[in-house]
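Listed here are the chains, written in short residue letters.
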Amino acid sequence: MNEAAPFSRPDRSPERDGNEGPPAAISARGLRKVYAPHSGRAGGRRGGSGKEALKGIDLDVPRGSFFGLLGPNGAGKSTFINILAGLVIKTEGRVTIWGHDLDRDNRNARASIGIVPQELNIDPFFTPEEVLEFQAGLYGVPQAERRTAEILAAMALSDKAQAYARTLSGGMRRRLLVGKAMVHSPPILVLDEPTAGVDVELRQQLWDHVREMNRQGVTIVLTTHYLEEAETLCDRIAIINQGEVVACDTTPALLARLDRRELRLVLADDLAAVPAALSDLDAALRSPRELVIRFRRSGAGVPALLDRVRAAGLEVLDLTTEEADLEDLFVELTTAPKAGAG
Ligand SMILES: Nc1ncnc2c1ncn2[C@@H]1O[C@H](COP(=O)(O)OP(=O)(O)OP(=O)(O)O)[C@@H](O)[C@H]1O
């Protein structure tokens, strides 16, 4: 059942280009989207100038990468994906998909990307086989080039080929949607929040499949709220907030920023302000007797900091330290001004 048969490499796959695709699988420059004031989303603002969901973002997804697009609710992730999918019309800016300009060469741009939507909407009376065949027809894939059985096997759905979609579990439907996005063998696969509502075991299976595709050269873009998911899967992560890219780096470089720790000191006496002698530190009073110092693990250690605190004339009654995690970085990047995020 879970034989993760890899996709074979048909003519229409990335290597069709002799591995010489563009350096950026997806490239956006100055991409802006303003939704009209009455464009329908619940809670959409009335009157005024509309909602600016993307504020002129620049983003490159390197060819062959496993790219994570992270952001809180309403950050603009779906808007970005929907522009790629042709479901939302951008207001301004330029997008290329596999080197094809979305405006000037829409057909090739669209043919270069497969998108797995957030919603599990599959016609309940279609079988997986029919779903894939229908999609292949939609993309004009000739009969001789269709890979329905192969895709079903790769998605561990061979034994469900003839079952009504309504009888499939959530995880199976999700895999069917991944298969559906791959019928035209696009070199880029985008997964929009693919693991929402998928249980842990099936999530793992899904990732095994997607990883295998990535190993074979398919560029993967994943949007998620789950930081750990992005951390384990993605080699590059962009963090988007309120329509802006607030960080974009390799996963190790982003993780290196987690070099932060926090030292919390309970003091014997009340303080009105952080002593001038400690003003070069990233220190703040959380209450008159609670001093918090943020520091880099790779820099001065706790003993050196304690020496500084004592030298400033403070008596310490108790102390605790806390490690930062990706969640902290995320909060920091999405609440602080962009500059100085390192
Ligand atoms: N059709 C629409 N009309 C008006 N505003 C919209 C529309 N679609 C999205 N928005 C607004 O644009 C902003 C970005 O929304 P978007 O769905 O792209 O965010 P997201 O990062 O995908 O969030 P989520 O993780 O919740 O899917 C939000 O403020 C949202 O309310």
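Residues numbered from 1 in each chain as written. Predicted model: local features only at pLDDT ≥ 70, side-chain atom pairs only at ≥ 80, totals over all residues. Heavy atoms only, no water.

Looking at the overall build of the protein chain
On a plain count of helices and strands, the protein chain comes out with ten helices and 14 strands. Here the protein chain holds 342 residues, and 46% of them are scored as buried. Sequence-distant contacts, at least 24 apart, represent 71% of the contacts inside the protein chain between residues at least 6 apart. Working note: accessible area of the protein chain is about 16600 Å², and carbon and sulfur atoms make up 49% of it. (Helix = DSSP H or I, 4+ residues; strand = E, 2+ residues; numbered from the N terminus. Buried < 20%, exposed > 50% of the residue type's maximum accessible area, 1.4 Å probe, protein only. Contact = heavy atoms within 4.5 Å. Areas by Shrake-Rupley, 256 points an atom, 1.4 Å probe, with all protein chains shown as cover.)

A short note on the sheet that holds strand β10 (residues 244-250)
Spatial ordering of the open sheet is given by β6-β7-β8-β3-β9-β10, a layout of six strands whose pairing is mixed. The open sheet has two edge strands with one neighbour each: β6 (113-116) and β10. Taken pair by pair, the neighbouring strands of this sheet meet at an average axis angle of 15 degrees, ignoring direction. In terms of strand pairing, strand β9 (residues 236-241) meets β10 through six bridges, oriented antiparallel. Counted as the bridge partner of Ile237 is Asp249 from β10. On the sheet, helix α5 (residues 170-181) packs against β6 and β7 (188-192) and is oriented at approximately 165 degrees with respect to β6. On the sheet, helix α6 (residues 200-215) packs against β3 (66-70), β7 and β8 (219-224) and is oriented at approximately 145 degrees with respect to β8. (Pairing = 2+ DSSP bridges. Axes fitted to C-alpha atoms, helices over the stretch in contact; angles between N-to-C directions.)

Things to note about the pattern of salt bridges
Two side chains with opposite charge may pair up if their charged atoms get near one another. One pass over the full model with this rule turns up 15 salt bridges. Between Arg215 and Glu212 there is a salt bridge; the shortest N-O distance is 3.1 Å. Within this pair, Arg215 and its partner Glu212 are both found in helix α6, separated by three residues, close to a single helical turn. Judged by relative accessible area, Arg215 falls into the exposed class, the value being 59%. Notably, a salt bridge pairs Arg264 with Glu290, separated by 2.7 Å at the nearest N-O pair. Of this pair, Arg264 sits in strand β11 (residues 260-267) while Glu290 sits in strand β13 (residues 290-296); the two residues are 26 residues apart in sequence, bridging distant segments of the chain. On the accessibility criterion, Arg264 (26% relative accessible area) is partly exposed. Within this structure, Arg32, Glu52 and Glu92 form a network of salt bridges that share partners. (Salt bridge = Lys/Arg side-chain N within 4 Å of Asp/Glu carboxyl O.)

Quick word on the packing of α5 against α6
Closest axis-to-axis distance for the α5/α6 pair is 10 Å, and the angle between their directions is 15 degrees. On the basis of their axis angle, the class for α5 and α6 is roughly parallel. In terms of crossing hand, the pair formed by α5 and α6 is right-handed. Between α5 and α6, the contacting residues are Gly171, Arg174, Arg175 and Val178 on the first element and Leu202, Gln205, Leu206, His209 and Met213 on the second. A breakdown of the residues in the contact of α5 with α6 according to their chemical character gives four nonpolar, three polar and two charged. (Parallel < 35°, antiparallel > 145°, perpendicular 65-115°, else oblique. Left-handed = near helix turned anticlockwise from the far one by under 90°. Nonpolar A, V, L, I, M, F, W, Y, C, P; charged D, E, K, R; others polar.)

Quick word on the nonpolar core
Counting 40 residues, the largest nonpolar core has Phe66, Val178, Leu189, Leu191, Met213 and Ile220 as its most contacted members. Top element by residues in this core is α5. It accounts for five residues. (Core = buried A, V, L, I, M, F, W, Y, C linked by side-chain atoms within 4.5 Å.)

Let's talk about the packing of aromatic side chains
All chains considered together, the criterion is met by two aromatic pairs. When the centroid spacing of 6.1 Å and the interplanar angle of 80 degrees are considered together, the rings of Phe125 and Tyr164 count as edge-to-face. Here Phe125, found in the loop between β6 and α3 (128-138), pairs with Tyr164, found in the loop between α4 (148-154) and α5; they are 39 residues apart in sequence, far enough to count as distant. Given a relative accessible area of 52%, Phe125 falls into the exposed group. Plain terms: the ring middles of Phe126 and Phe134 are 6.1 Å apart, the flat faces sit at 70 degrees to each other, and that makes the pair edge-to-face. For Phe134, a relative accessible area of 52% puts it in the exposed group. (Phe/Tyr/Trp six-rings, centres within 6.5 Å; stacked < 30°, edge-to-face > 60°.)

Examining the environment of Ile26
Examined against the element boundaries, Ile26 turns out to sit in strand β1 (residues 24-35). Residues Ile26 and Ser112, 86 residues apart in the sequence, show an inter-C-alpha distance of 9.9 Å. When near neighbours in sequence (up to four residues on either side) are disregarded, Ile26 contacts Leu59, Asp60, Val61, Phe80, Leu84, Thr96, Ile113, Ile188 and Val221.

What to know about helix α9 (residues 302-311)
The α-helix winds at 3.6 residues per turn, so residues separated by three or four positions along the chain end up facing the same way. Among all positions of α9, only Val302, Leu305, Leu306 and Val309 are buried. Projection of α9 onto a plane perpendicular to its axis shows the buried side chains occupying an angular sector of 100 degrees, all on one side. Residues of α9 that are exposed and angled more than 90 degrees away from the buried face: Pro303 and Ala311. Of the surrounding secondary structure, the elements contacted by the buried residues of α9 are β11, β13 and β14 (316-323). The positive-phi residue at the C-terminal boundary of α9 is Gly313, with phi of around 90 degrees. (Arc of directions from axis to C-beta.)

Describing the environment of Ile89
Note on placement: Ile89 falls in the loop between α1 (77-85) and β4 (92-97). In this structure the C-alpha to C-alpha distance between Ile89 and Lys33, which are 56 residues apart in sequence, comes to 7.8 Å.

Details of the sheet that holds β14
Pairing is antiparallel across the open sheet formed by four strands, whose spatial order is β12-β13-β11-β14. Since the sheet does not close on itself, it has two edges, and those belong to β12 (282-287) and β14, each with one partner. Adjacent strand axes in the sheet meet at a mean angle of 25 degrees, parallel and antiparallel pairs treated alike. Of the strand pairs in this sheet, β11 and β13 are connected by seven bridges, and their pairing is antiparallel. Residue Leu265 lies in a different strand from β13, and its bridge partner there is Leu291.

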